Amino acid sequence: METRLIEYAIAVADELSFTRAAQRVYAAQSTVSAGVRALERELGTALFERDQRGVRITAAGQAVLPALRALADAEARARTAADPRGELRGELRIGVFSSVSYLAIPRVIGAFHREHPLVDLQLRASPSGSAELADAVRRGRLDLSLYGLPAASAPGLAVHRLATTPYAVVLATDHELASREGLSLKDLAGERFVDAPAGFGNRDVLDAALSARGVVRHVRAEVTETSSIPVFVANGLGIALLPELLIPPSEGIAVVPLNEHITWEFNVVTRTSTGEATAALLEQLLAAY
């Protein structure tokens, strides 16, 4: 079974598009289509359904895909073992938040790339937050992803804790509460809030904590880039409750501790069995925090 054909099939399964799969593996679409058909003939079953509505994985394809990924991982390990220098090889698909520039993540991934240049890194952000990223890992479309929800909400995946950070209150510097040394949720009654949309880990964790305390709030603005929330706050659109780790240095805001102890977990999720490249990056991420 040719490893190139396996690579084509995995790309089509991840992208659900022969066009995008061809772009990903740097091949012509006709080459990818012919390669997948050849693999299907070799396996004696259809891996994909193709029609005007798009590409879908068949039940047989779902069953075969984990084995194809294992073969691809084994091929990468064999090449690594055969290399006198033992350099890691393969593909590593990483799910990231839409705003990570002020975290350690780019620095760690950049260092990993310099240390392992033969690993093909692909970074993908989700507009829908942690739940969608975790599902992509579960389905095999990502190898590793940042995750902002509790470990219990990721069944079937391995959850690795990077950090735990408390929520704090973000206010414009001219807000009447900005000079306080600490604020309670009762102090914030009647305020308008800026937050991420539902589905983002920091928003969902906070909503659950507020609901458990019987607190109802009005979210005036939803911003998909967490790093932009303080900018909206500074311009008077409301206040925010954010994990301290996710508050970037910003002009025009004050950050005040929240008296209630509400915390957010910054995690990474992988499948329970990982390839060498995934394990190596995970080790570096854990060391950074």
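Anything mentioned here points back to the structure above.
Because the structure is a prediction, the values reported are computed rather than measured.

A. Layout of the pattern of salt bridges. Summed over the entire model, instances satisfying the criterion amount to 23 salt bridges. Linking D143 and R271 is a salt bridge whose minimum nitrogen-to-oxygen distance equals 3.3 Å. Note that D143 is positioned in the loop between α6 (130-138) and β5 (144-147) and R271 in the loop between β11 (263-270) and α9 (276-288), a separation of 128 residues in sequence. Residue classification places R271 among the partly exposed positions, given a relative accessible area of 22%.

B. View of the pairing of strand β6 (residues 158-172). Most of β6 is tucked away, with 11 of its 15 residues classed as buried. For β6 and β11, the ladder comprises eight bridges, and the chain directions are antiparallel. Paired with P166 across the two strands is T263, which belongs to β11. One ladder, built from four bridges, connects β6 with strand β9 (residues 240-243); its direction is antiparallel. Bridging from a neighbouring strand, A168 pairs with L242 of β9.

C. Representation of the packing of aromatic side chains in the model. Taken as a whole and judged by the stated rule, the model has four aromatic pairs. Seen from their ring centres, F18 and F48 are 6.4 Å apart, and the 75° between their planes marks the pair as edge-to-face. Placement of F18 in helix α2 (residues 18-25) and of F48 in strand β1 (residues 48-51) is noted, with a sequence separation of 30 residues between them. Taking the relative accessible area as the measure of exposure, F48 reaches 5% and is therefore buried. Considering the side-chain rings of F97 and F266, the 6.1 Å spacing of their centres and the 40° angle between planes classify their relative orientation as tilted. Here the residue F97 occupies a position in the loop between β3 (90-96) and α5 (105-115), and F266 occupies one in strand β11, the gap between them amounting to 169 residues. For the residue pair F97 and F266, the accessibility class agrees, reading buried in each case. Chaining the aromatic ring pairs together yields one cluster made of F97, W264, F266 and Y289. Between the NZ or CZ atom of R217 and the centre of the ring of F193, over which it lies, the distance is 5.1 Å.

D. Layout of the layout of surface pockets. If you add up the space inside the largest pocket, you get close to 1,100 Å³. In terms of lining, the largest pocket is formed by 46 residues, of which the most central are I10, R69, A72, D73 and E91. Those elements that place two or more of their residues in the lining of the largest pocket are α1 (3-15), α2, α4 (59-82), β3, β4 (119-125) and α9. When residues in the lining of the largest pocket are grouped by element, the largest group, 13 residues, is from α4. Of the residues in the lining of the largest pocket, the class split is 17 nonpolar, 10 polar and 19 charged. Volume-wise, the second largest pocket comes out at about 190 Å³. For the second largest pocket, the full set of lining residues is R124, A125, S126, P127, E132, L133, D135, A136, R139, R141 and L142. Put simply, the parts of the chain that give the lining of the second largest pocket at least two residues each are β4 and α6. The element best represented in the lining of the second largest pocket is α6, accounting for four residues. Tallied by class, the residues present in the lining of the second largest pocket amount to five nonpolar, one polar and five charged.

E. Representation of the packing of α2 against helix α3 (residues 29-43). The contact between α2 and α3 brings their axes to 8 Å, and the two run at 105°. Between α2 and α3, the angle is such that the two are roughly perpendicular. The segment α2 lies against α3, with F18, T19, A22 and V25 engaging Q29, V32, S33 and V36.

F. Layout of the environment of A46. With respect to the helices, strands and loops of the structure, A46 is situated in the loop between α3 and β1. Not counting the four nearest positions on each side in its chain, A46 is found in contact with E40, T58, A60 and G61.

G. Local environment of the nonpolar core. Ranked by size, the top nonpolar core spans 53 residues in total, and within it V169, L241, F266 and L281 carry the most contacts. Of all hydrophobic cores here, the second largest spans 20 residues; its members include L5, A13, A21 and V25.

Cut-offs used in this document
- Residues numbered from 1 in each chain as written.
- Predicted model: local features only at pLDDT ≥ 70, side-chain atom pairs only at ≥ 80, totals over all residues.
- Heavy atoms only, no water.
- Salt bridge = Lys/Arg side-chain N within 4 Å of Asp/Glu carboxyl O.
- Helix = DSSP H or I, 4+ residues; strand = E, 2+ residues; numbered from the N terminus.
- Buried < 20%, exposed > 50% of the residue type's maximum accessible area, 1.4 Å probe, protein only.
- Pairing = 2+ DSSP bridges.
- Phe/Tyr/Trp six-rings, centres within 6.5 Å; stacked < 30°, edge-to-face > 60°.
- Lys NZ or Arg CZ within 6 Å of the ring centre and 35° of its normal.
- 1 Å grid on protein atoms, 1.4 Å probe; cavity = no way out; pocket = protein on both sides within 12 Å on 5 of 7 lines; lining within 4 Å.
- Points joined across faces, edges and corners; volume = space filled by probe spheres on them.
- Nonpolar A, V, L, I, M, F, W, Y, C, P; charged D, E, K, R; others polar.
- Axes fitted to C-alpha atoms, helices over the stretch in contact; angles between N-to-C directions.
- Parallel < 35°, antiparallel > 145°, perpendicular 65-115°, else oblique.
- Contact = heavy atoms within 4.5 Å.
- Core = buried A, V, L, I, M, F, W, Y, C linked by side-chain atoms within 4.5 Å.

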